[in-house]
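Survey of secondary and tertiary structure
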Amino acid sequence: MRVLFIHGGGSTSRNDRTKDPYAIYLREELGEDFYMVPMRFTHDFEWCIKTQAKAVKDFQPDVIVGRSQGGPTVLSLIHRGYWSGPSLLCCPAIVPGVDNLNIPSGIPVVVLAGNHDEQVPYSRIIYFCQKNLKRLGSASFEWKTNINISEIEKYRAANPEPKKDRKTSEPKVSNPASEPREDRNSSEPKMGRILLRELVERTWAKRLTVPGYDHSKRFPRRFEEKNPKEDKKRANGVDGSKCVCV
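For the structure given in this document, a descriptive report is provided here. Keep in mind that what you see is a predicted model, and the values were worked out from it rather than measured. (Residues numbered from 1 in each chain as written. Predicted model: local features only at pLDDT ≥ 70, side-chain atom pairs only at ≥ 80, totals over all residues. Heavy atoms only, no water.)

Section: the pattern of salt bridges
Using the criterion set out here, one finds 11 salt bridges in the structure. Residue E46 pairs with R80 through a salt bridge whose shortest N-O separation is 2.6 Å. In this pair, E46 is assigned in helix α2 (residues 45–59) and R80 in the loop between α3 (70–79) and β4 (87–90), connecting sequence segments 34 residues apart. For E46, a relative accessible area of 44% puts it in the partly exposed group. Residue classification places R80 among the partly exposed positions, given a relative accessible area of 33%. Between E224 and R222 there is a salt bridge, with its nearest N and O atoms 3.5 Å apart. (Salt bridge = Lys/Arg side-chain N within 4 Å of Asp/Glu carboxyl O. Helix = DSSP H or I, 4+ residues; strand = E, 2+ residues; numbered from the N terminus. Buried < 20%, exposed > 50% of the residue type's maximum accessible area, 1.4 Å probe, protein only.)

Right under this line is the structure:
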């Protein structure tokens, strides 16, 4: 099981996204089967999509994990035909009216969200999940709201990030492990706490429950680089160095 991780927004030349707690945790768990392409300036969403489409082509993952802005990035890869395989969306920073929230049928998708996320309103997650669960059914779509991230927090404590000013700080990671297991005022499924590694494995296993799913066809469209020299400049921070997006 090869896993591509797509990190969230808020990146600048001062961020080392390989130190993202999720990235460190998954790298420790998966070793050579883990892959990520850190993006320095995530304000340009179109370039982020192109960067990750190339990562899909180069690494040929079995599962893609998208965190925060990485969630909409995965959705864009799906809608543009670069990816149709098992997808895990962690606290996806979806925006109705901007992101296409209708997941196509035949793709295994698992969504993880905290019911006290400081960046994404929980009502938005409920709308997104209920809408797709009704359309796709539980065989293709799964939704969870609790996770035990104590191991991730362990890596965060061991690898503290430098202090950032408010303009460049990344959204805080919701910590459902310290929250109640059940929110009586919400309509989310009642789930127990699980480990992130287990959730990735469950996303991978979900391919077996999707009717007609063919894992060999998870790359419907091949990404083609049109201007590799210009893309390399942007990856090195030549363009957009003053732009910040959280």
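Side note on the sheet that holds strand β6 (residues 141–144)
The six strands lie next to each other as β2-β1-β3-β4-β5-β6, forming an open sheet whose pairing is parallel. The sheet is open, and its two borders are formed by β2 (34–36) and β6, each paired with just one other strand. With direction set aside, neighbouring strand axes in the sheet form an average angle of 20 degrees. Here strand β1 (residues 3–6) runs beside strand β3 (residues 63–67); their pairing, made up of four bridges, is parallel. When the bridges of β3 are listed, I6 appears paired with G66. Contacting β1, β3 and β4, α3 crosses the sheet at an angle of about 135 degrees to β3. Where helix α4 (residues 122–136) meets the sheet, it contacts β4, β5 (109–112) and β6, and its direction lies at approximately 150 degrees from that of β6. (Pairing = 2+ DSSP bridges. Axes fitted to C-alpha atoms, helices over the stretch in contact; angles between N-to-C directions. Contact = heavy atoms within 4.5 Å.)

Digging into the nonpolar core
By size, the foremost hydrophobic cluster in this structure holds 35 residues, and its most contacted members are I64, L77, I125, F128 and F141. Counting residues per element, the ones that place at least two in this core are β1, α2, α3, β5, α4 and β6. Considering each element in turn, this core owes the most residues, seven residues, to α2. Sequence-distant contacts of F128, that is, excluding residues within four places in its chain, are made with L75, L89, I94, L101, I103 and V111. One finds F5, L30, V63 and V110 within the second-largest nonpolar core, a separate group that totals 19 residues. (Core = buried A, V, L, I, M, F, W, Y, C linked by side-chain atoms within 4.5 Å.)

Looking at the packing of aromatic side chains
What describes a pair of aromatic rings is the distance from one ring centre to the other and the angle between the planes of the rings. All chains considered together, the criterion is met by six aromatic pairs. Considering the side-chain rings of Y35 and F59, the 4.7 Å spacing of their centres and the 10 degrees angle between planes classify their relative orientation as stacked. In this pair, Y35 is assigned in strand β2 and F59 in helix α2, connecting sequence segments 24 residues apart. Exposure remark for F59: the relative accessible area of 7% places this residue in the buried category. Ring centres of F128 and F141 lie 6.3 Å apart, and the angle between their planes is 80 degrees; this geometry places the pair in the edge-to-face category. Placement of F128 in helix α4 and of F141 in strand β6 is noted, with a sequence separation of 13 residues between them. Take F128 and F141: they sit in the same class, and that class is buried. Within the aromatic cluster, the residues linked to one another by ring pairs are F5, Y22 and F34. A cation sits over an aromatic face here: R2 above F59, 4.0 Å from the ring centre. Above the ring of W204, the side-chain terminus of R207 is found at 3.5 Å from the ring centroid. (Phe/Tyr/Trp six-rings, centres within 6.5 Å; stacked < 30°, edge-to-face > 60°. Lys NZ or Arg CZ within 6 Å of the ring centre and 35° of its normal.)

That's the geometry; what it means functionally is another story.
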